[in-house]
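Descriptive structure summary
Chain by chain, the residues:
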Amino acid sequence: MTLKTQITFQSRWLPWALIAPQGLVVLVFFFWPAGQALMQSFQQTDAFGITTEWVGLENFRILLSDPSYWHSFRVTAIFSLLVAGLGLGLSLLLAVFADRIVRAAMVYRTLLIWPYAVAPAVAGVLWLFLFSPTVGVVARLLSSIGIEWNSLLNSAHAMTLIVVASVWKQISYNFLFFLAGLQSIPKSLTEAAILDGAGPWRRFWSIQFPLLSPVTFFLLVINIVYAFFDTFGIIDATTQGGPGKDTAILVYKVYFDGFKAMDLGSSAAQSVILMVLVIGLTAIQFKYVEKRVNY
Amino acid sequence: STEIVWWHSMQGALGDWVNDIAEDFNKSQNEYVVRPVFKGTYDEAMTSAIAAFRAGQAPHILQVFEVGTATMMASKGVAVPVSQVMTEAGYTFDPGAYIPAVSGYYTAPSGEMMSFPFNSSTTVTWFNLDALEKAGVPTDNLPTTWPQIRAAAQKLKDSGHACPMTTAWQGWTQLESFSTWHNTELATQGNGMNGPNARLVVNSPLHVRHIDNLADMSKNGLFVYKGRGSAPSASFESGECAISFNSSAAYAGIAKNAKFKFAVSPLPYYPDVEGAPQNTVIGGASLWVMSGKDDQDYKGVGTFFNYLSDPQVQSNNHKRTGYLPVTLESFKLTEDSGFYKDNPGTDVSVNQMIRKTTDKSRGIRLGNYVQIRAIEDEELEQVWAGKKTAKQALDAITERGNVLLERFDAAANR
Amino acid sequence: MEKKPWIDVLSHIVLCVGILIVASPIYMALIASTHTAQAMAQWPIPLTPGSHLLQNYADALNGSGSGQSMAVGRMMWVSLVTALGIAIGKIIISLMSAFALVYFNFRFKTLVFWGIFVTLMLPVEVRIVPTFEVVANLGMLNSYAGLTIPLIASATATFLFRQFFKTIPNEIVEAAKMDGAGPIRFLIHILIPLSATSIAALFVIQFIYGWNQYLWPLLISTNEDMYPVVVGIKRMIPAGDAQTEWNIIMATAILAMTPPLLVVMFMQKWFVKGLVESDK
Amino acid sequence: MSAIEFVHVNKIYGDRARPAFQAIHDFNATIKPSELVVIVGPSGCGKSTLLRMVAGLESISEGQVIINGHVVNDLDPSRRNIAMVFQNYALYPHMSVKANMAYALKIAGMKQSEIDLRVQEAASILGLNEMLERKPRELSGGQRQRVAMGRAIVRQPAAFLFDEPLSNLDAKLRVHTRLEIQKLHRRLAVTMLFVTHDQIEAMTLADRMIVMNGGRIEQFDTPEVVYNRPATMFVAGFIGSPAMNLLHHVPGIPQGKVLGIRPEHVTLQPSDFDPDVQRFSGLRAMVETIELLGAERLVHARLGDEPLVIRLDAAAPPPVIGDSVRIQIATHLIHWFDAASGLRIEP
Amino acid sequence: MSAIEFVHVNKIYGDRARPAFQAIHDFNATIKPSELVVIVGPSGCGKSTLLRMVAGLESISEGQVIINGHVVNDLDPSRRNIAMVFQNYALYPHMSVKANMAYALKIAGMKQSEIDLRVQEAASILGLNEMLERKPRELSGGQRQRVAMGRAIVRQPAAFLFDEPLSNLDAKLRVHTRLEIQKLHRRLAVTMLFVTHDQIEAMTLADRMIVMNGGRIEQFDTPEVVYNRPATMFVAGFIGSPAMNLLHHVPGIPQGKVLGIRPEHVTLQPSDFDPDVQRFSGLRAMVETIELLGAERLVHARLGDEPLVIRLDAAAPPPVIGDSVRIQIATHLIHWFDAASGLRIEP
Ligand SMILES: Nc1ncnc2c1ncn2[C@@H]1O[C@H](COP(=O)(O)OP(=O)(O)OP(=O)(O)O)[C@@H](O)[C@H]1O
Ligand SMILES: Nc1ncnc2c1ncn2[C@@H]1O[C@H](COP(=O)(O)OP(=O)(O)OP(=O)(O)O)[C@@H](O)[C@H]1O
Ligand SMILES: O=P(O)(O)OC[C@H](O)CO
Ligand SMILES: [Mg+2]
Ligand SMILES: [Mg+2]
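Note that the coordinates shown come from a computational prediction; the quantities given were computed from them, not determined experimentally.

1. Focus on the overall build of chain B
- Check the secondary structure of chain B and you find 19 helices and nine strands.
- For a compact globule of 414 residues, the expected C-alpha radius of gyration is about 22 Å, and chain B comes in at 21 Å, within 12% of that figure.
- Along the longest, intermediate and shortest principal axes, the C-alpha atoms of chain B span 65 × 50 × 35 Å.
- Going through the 414 residues of chain B one by one, you find that 68% of them count as buried.

Below you can see the structure in the form of structure tokens.
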């Protein structure tokens, strides 16, 4: 790949005019509120903001001295890894098989795409329904085959539940990308590998999978961000962080403390920590991506 | 005509109820129009209101769950006391007309009644009579004490009932209401009713004993944990669990979905505890009048509240939803209508609240209450899961809750 | 390709199992929406369609079940306008800014780039109260502007477009220049038509994102006339003490997911294409 | 070093969507051990299909492909002991040159020391020693091409298949690589089947060449024979650049016959009439354009309504565009074809 | 129909990332009106850069480009009245053939009826009438190429620029399209600047050709002169296929001189010695490979340690590979170059 110098147009004002709408929206609806959130993290205030006190790092101190907050890091790590790992693994599996089947691929794709259209709030309800202790088909099914399903008190079960629901919601998206990625691998590479004597299994691991790595990496970033940020709706609808705090991931705590419990200072401090964490993570990932991606 | 905006959290059939009330009121006069707006669950509505208030866009009336009461009271200047609104609108407002536990709960230390009790509930025990009968528990003499409950649960279990007993709202029923029912403090300062400097004392021997008891029942399969909040309701409605501690307002759902005979009773108590049974705590929500509106608006709010205070209206609400008839008069009216005879047990909730409250039983009003409830859920789940003893869990609730209370206290004193 | 019929059979099996799992929640929702409330409250709940389909959907639509006064039609309309507003608005502003970022050199370009990029990482929910204040101060409560504009403040689309623009051969740009097309003409005549598949993909993604919003509309609309359908569904799920009418809930859930589902299905060809192309 | 035989091979493509399409018609041929056979023909004539059937990448609809005496119809591609070089090289982009070459051996479970040896050897042959650690993207087109060959060589296969391996290279590199392949063939003495649609490539490389058209063999013979005695009109028109002139309407041509004459065998304005050679003479052609190719000139003219190309030495004086010139055709250099069947008619 | 002049043109590329790089060095040339000038040279020699400076797609670092007497250095590309055909055609993929051709006219604000007329006309010239409604992806490579030209033609520009417009076509189509361009040039009589790195293309097309190397002009003259009297060793080696043999160490070559001889001017094993022609004789070369190209044969041999290519008529008996053969070089066909400067030495 040669270094492509982008051909550009010349204008002093036009680029700014073009940037303006997005710039304005981002400034007004992102940076301004985000700045305020940052400010809030250094304040303690009552819910209605009538009395406000600058407390410096107090909110952070309280947070970091709370063992349950640290616990929540661990829960988040486990959850994110499971969601990203399973989400990617399963969708890759489906994509690999769908890629093999040329003829019915379209049918399968259409059917697998469904969950993508379901709102997280609705997804939570669906899973709540399926796992409802009383009328939940899945809960009943499991107990009928001897697995005493109890996501209310069994942490592992609860984690399974939120992971399943979160993975379910994300699987279509991953699947679409993987399938697209697989289909863009030149057929002759596969054929070369066949002639080299590689069986399907070997071919997958030594050819297809490495060649998918840009897609995989992109999806890894997306999935981790998803697991970090977009899953609180599902958790709220299913386990509410329980049993104990065993499914309370960081963003659920931010959401709960800020949105439900109206503890704005602490919630803001948590968002700041979360944001620093994710920006750091993404920065690392992007450094890595830049190095790896361009075959 | 003046428009009165009312933010509420009534979902499902209760949403219809709210709309009907507004419609009836709007028809009853033509000076004011009440416009109910659903704003999500209680906590979502409150967050909305907070955001709106900060932006000067608050509604006239906000429905706040009891858990948010302390926050509302501590935020000075956010709400206009309901007594003031009523008086200024030219209506007489008599807190004494209300059931003591209700008026007491929404009255500030200053003696002013802050919010309008709209949909108050309390904790009761629900029995599946068919199941009890099948298990050989006499249904004409339902258990009233914990030992009796335990015995009944044992019989249910022996008769093959997989879930003899469960509880909804575990913090509310098994810690908060349990405390006032036994005339025992859950938190100092009259459970926070006297000011924001309250601290939890929920690790008292009585609390430990009770939670121990439940833990033991749980271990023996007599008590089955069915989740947080109202989630366990469904397990009673479906017949899966035979005894359930839940809100009195669970009535509507049970009446509609249960395919069995059921009865409602007061919460059980430990007979050896002095002062038990006292009275249970209030739940549900009340209506708060937000500050910063025109006099004309407040007049409208007052008129609307006056309408809501009508005993006939209150009685109708009570019958329709299972929420308490919050005034004694409406209770009488309901009784006279023969409703309690036709629907035995529906008066239980009122009866257990109607007593004169003590300093320890007026209600629970704690700051950062939502988080404290979450802590209660978290810690109790550890007990049911066998990961913590009752003592450990209750100590943890006390300790973790007090950190939050201290912060609330500090903010309130600023 | 080599002949391994058993792998093909295995493929079909795996895919069928996958679809079974992936589609089962939706299947259950469909089933639930065809029964009575009582049937859905008792175990065992039915696993095959019942006879109340029309009634439940009629109830859901005209609200004679739970939530009498909620006009699903109106909510669907609000959802539609919101989703379209977000999708189209985002596509337009992203097209413009991506165009500026790729096809112009200007001072502080890197700064602008990163300024836009950061927005990928902080969802509305964790800065919701301050954002609300901004919107309220701008007088945008209860308006389609308030429902849409703050949600188009993220850069996903900008990045997709940027990726795509970079794959367009320089020669096309030069040909346009020689043909006398200035930047604006180039954008409208060449770039936008060429980005059709990317636009389609983004449209799908953003439409669904917009359609599925819950917290934001709930907060920003203080008038029930401005509620999208997802809020309506949540409202039918009784919290606290009211009975749970799974049949109506599920009927409404199905209704609510139908438009985005249709969008996905009808646009999937371009959607997938758009994804592949932008990915390279 | 194996023979490859095609016995009544037919290939029918078809799936539900498209109607069946017969890409190869009753194909019979025997490639001798160590022979380099080039398959040449226009696009879509079935060259790739044929090769892929040998490789096992495409099923054989009818007939048999026999390698080294064994019918391989149902043999797995990897068990046929055949290496293939693809048009786009199909190098594994994420593996180093070394890893690319070693891949097949590794899969075969060969010892690492042995693998290294073989890769070293192949790298030396191809001059790739310097770049064993590079990734394909760090190589030029020609180098990639060599890696693709290296990948084939290390396996020491019974036969090599090449599917237009040079078509991605620029003209200069093509000539160079062509020579390299020729040397390689001489050195390894292994059977090679080489597909191209470039007839110069075919001529220069082949021991024998198969000219294909529409899924059928038109001619299978040495380049000399194919060039000098094309079996059909199709071959005559396809082989040779510029192509042989095929004239239908020259006065004096018998009915139903077509006269073929190569551009270099048409003479212009003969000043020195040689009575020994019998010629078509007295013909007049109209000069349309002239191209100078360095050592020679191509005169594009029109004979009646048929185009006629004449190849002249650049040293000779060129005709004037627009002029009508007298031409002569040496009778002994004429090829005759049957207009209906297209087959060569031996005089 | 405009003249294009380059006056002391220099081009220096450079940005923050890379150090400055001079792509064009003091370039001076005048393209006459209606002339077809081909710029030829190896990859990276600056051909595209030069063209792009004329088009206005690249700024001119120093010097002037003058079109039709006007310095255009600072003129917008679209105002230079110049059309360009790109290597990859750069057709707008979403527009029909017609729309592609009409685009520039539309932007210029021409009336629709006029546009239609011009498009029709251009389509007729190029034989595109049938496919005006098609999208580029529905066209073959050759057709796309013609659309690209059509897009240029409709504008009736003062000059055409072509940047390797044929390199994406296969050999056969290339020859064909080359002829078409030639005809077009004759028909439109418009100034054309044509870039290629294929010297056959250059030779056949050019009125005059510029041979470039490393950003400088090596020679600017007619193809005949460039071929027959290459100005530098570089031109000698670049023009002609196979390239001229450049021999440094032949016995009898004066010190500091290089002998150039085209492959067709080397004779093999002369049986009939012609005393009239002075020859280098008695040289012996070792035959390495032989390629049959149809009408002729290329003998790749080695003279001492230098490679020597000999072009023989295919009718002549070929030498045997491995044999050492006697060769003769006609003195009057020898080119002499200065070994140090590379410049031609006229005898
Ligand atoms: N998978 C397939 N299904 C149907 N028809 C096919 C398939 N593959 C090839 N064909 C058809 O078979 C014929 C021969 O194709 P093949 O690829 O062998 O031609 P080729 O001689 O290699 O052409 P080229 O020089 O363009 O590579 C063509 O008409 C082609 O369209
Ligand atoms: N934008 C640029 N920035 C820096 N250097 C450049 C740029 N464009 C071209 N060059 C360099 O200028 C030199 C001439 O490039 P140019 O593209 O004109 O060559 P060319 O003769 O057209 O080659 P080719 O036959 O490969 O197209 C090359 O060395 C190239 O690397
Ligand atoms: O379910 P309700 O409405 O009785 O309310 C329950 C209480 O809010 C529990 O705290
Ligand atoms: Mg082919
Ligand atoms: Mg170039």
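Having seen the structure, we can now continue with the description.
2. Some details on the site of ligand 1
Residues and elements named next belong to chain D.
- The environment of ligand 1 is formed by 13 residues, the closest being Ser43, Gly44, Lys47, Ser48 and Thr49.
- Contact distances for ligand 1 include 2.5 Å between an oxygen atom and a side-chain N or O atom of serine 48.
- Taking threonine 49, its side chain carries an N or O atom lying 2.4 Å from an oxygen atom of ligand 1.
- Expressed as a share of its isolated accessible area of 630 Å², the protein-covered part of ligand 1 is 65%.
- Looking at the shell around ligand 1, the elements with two or more residues in it are β2 (21-31) and α1 (47-55).

3. Concerning the pairing of strand β1 (residues 4-13) of chain E
All names here are of chain E.
- Across seven bridges, β1 lies against strand β2 (residues 21-31) in antiparallel orientation. Opposite isoleucine 4, over in β2, you have isoleucine 31 as the bridge partner.
- Summarising the sheet, β1 and strand β4 (residues 62-67) pair through five bridges and their orientation is antiparallel. Pairing of glutamate 5 across the sheet is with isoleucine 66, part of β4.

4. Quick notes on the domain arrangement of chain D
Residues and elements named next belong to chain D.
- The domain architecture assigned to chain D consists of domain 1 (4-237) and domain 2 (244-345).
- Relative to domain 2, the C-alpha centre of domain 1 lies at a distance of 38 Å.
- Each side of the interface is counted separately: domain 1 has nine residues, and domain 2 has twelve residues.
- Both faces combined, the contact of domain 1 with domain 2 buries some 890 Å², and carbon together with sulfur accounts for 56% of it.
- Broken down residue by residue, the surface that domain 1 buries against domain 2 is led by Tyr227, Met233 and Ala236, which jointly contribute 59%.
- Summed over the shared surface of domain 1 and domain 2, the result is zero salt bridges.
- Applying the counting criterion to the domain 1 and domain 2 interface returns five residue pairs in polar contact (both at pLDDT 80 or more).
- Every element with two or more residues in the side of domain 1 that touches domain 2 is listed here: α7 (223-228) and α8 (233-238).
- Its residues assigned to classes, the side of domain 1 that touches domain 2 shows five nonpolar, three polar and one charged.

5. Let's talk about the interface of chain A and chain C
- Of the residues lining the interface, 85 residues belong to chain A; the matching set on chain C comes to 106 residues.
- Taking both sides of the interface into account, the surface hidden between chain A and chain C amounts to around 8900 Å²; carbon and sulfur atoms contribute 79%.
- Ranking the residues of chain A by area buried against chain C places Phe9(A), Gln22(A) and Phe29(A) at the top, with a combined share of 10%.
- Where chain A meets chain C, there are zero salt bridges.
- If you look at where chain A meets chain C, you find six residue pairs in polar contact (both at pLDDT 80 or more).
- For the side of chain A that touches chain C, the element with the most residues is helix α1 (residues 14-40) of chain A, which contributes 19 residues.

6. With respect to the sheet that holds strand β3 (residues 36-40) of chain E
Residues and elements named next belong to chain E.
- Across the sheet, which stays open at both edges, the six strands sit in the order β6-β7-β8-β3-β9-β10 with mixed pairing between neighbours. Lying at the two open borders of the sheet, with one neighbouring strand each, are β6 (82-85) and β10 (216-221). In this sheet, adjacent strand axes meet at a mean angle of 15° when their direction is disregarded.
- Relative to strand β8 (residues 191-196), β3 runs parallel, the two being bridged by five bridges. If you follow leucine 36 over to β8, its bridge partner there is methionine 192.
- Helix α1 (residues 47-55) contacts β3, β6, β7 (159-163), β8 and β9 (208-213) of the sheet and is inclined by roughly 150° relative to β7.

7. A closer look at the sheet that holds strand β5 (residues 70-71) of chain E
All names here are of chain E.
- The strand order β2-β1-β4-β5 describes an open sheet built from four strands, whose pairing is antiparallel. The open sheet has two free edges, formed respectively by β2 and β5, since each of these has just one partner strand.
- Here β4 runs beside β5; their pairing, made up of two bridges, is antiparallel. The partner of isoleucine 67 across the bridge, within β5, is histidine 70.
- Packing against the sheet, α1 makes contact with β1, β2 and β4, and its axis sits at approximately 115° to β1.

8. Regarding the packing of helix α11 (residues 250-260) of chain A against helix α2 (residues 42-54) of chain B
- Direction vectors running N to C along α11(A) and α2(B) enclose 65°, while the axes themselves pass 9 Å from each other. Touching Tyr255(A), Phe259(A) and Lys260(A) of α11(A) are Asp43(B), Glu44(B) and Thr47(B), all from α2(B).
- When the residues that make up the contact of α11(A) with α2(B) are grouped by side-chain class, the tally is two nonpolar, one polar and three charged.

9. Some words on the site of ligand 2
- Close to ligand 2 lie 14 residues, the nearest being Ser43(E), Gly44(E), Lys47(E), Ser48(E) and Thr49(E).
- Ligand 2 is flanked by residues contributed from chains A and E.
- A distance of 2.5 Å separates an oxygen atom of ligand 2 from a polar atom in the side chain of Ser48(E).
- In the complex, the protein chains occlude 68% of the 630 Å² of accessible area that ligand 2 would expose alone.
- Where the shell around ligand 2 is concerned, the elements lending two or more residues are β2 and α1 of chain E.
- The element that contributes the greatest number of residues to the shell around ligand 2 is α1(E), accounting for three residues.
- Of the residues that constitute the shell around ligand 2, the class distribution is four nonpolar, seven polar and three charged.

Cut-offs used in this document
- Residues numbered from 1 in each chain as written.
- Chains lettered and ligands numbered in written order.
- Predicted model: local features only at pLDDT ≥ 70, side-chain atom pairs only at ≥ 80, totals over all residues.
- Heavy atoms only, no water.
- Helix = DSSP H or I, 4+ residues; strand = E, 2+ residues; numbered from the N terminus.
- Rg over C-alpha atoms; globule rule 2.2 N^0.38 Å.
- Buried < 20%, exposed > 50% of the residue type's maximum accessible area, 1.4 Å probe, protein only.
- Near = heavy atom within 4 Å.
- Polar contact = N/O pair within 3.5 Å; in protein donor to acceptor, adjacent residues only side chain to side chain.
- Areas by Shrake-Rupley, 256 points an atom, 1.4 Å probe, with all protein chains shown as cover.
- Pairing = 2+ DSSP bridges.
- Domains from an automatic or database assignment.
- Contact = heavy atoms within 4.5 Å.
- Buried area = accessible area lost by both parts, 1.4 Å probe.
- Salt bridge = Lys/Arg side-chain N within 4 Å of Asp/Glu carboxyl O.
- Nonpolar A, V, L, I, M, F, W, Y, C, P; charged D, E, K, R; others polar.
- Axes fitted to C-alpha atoms, helices over the stretch in contact; angles between N-to-C directions.

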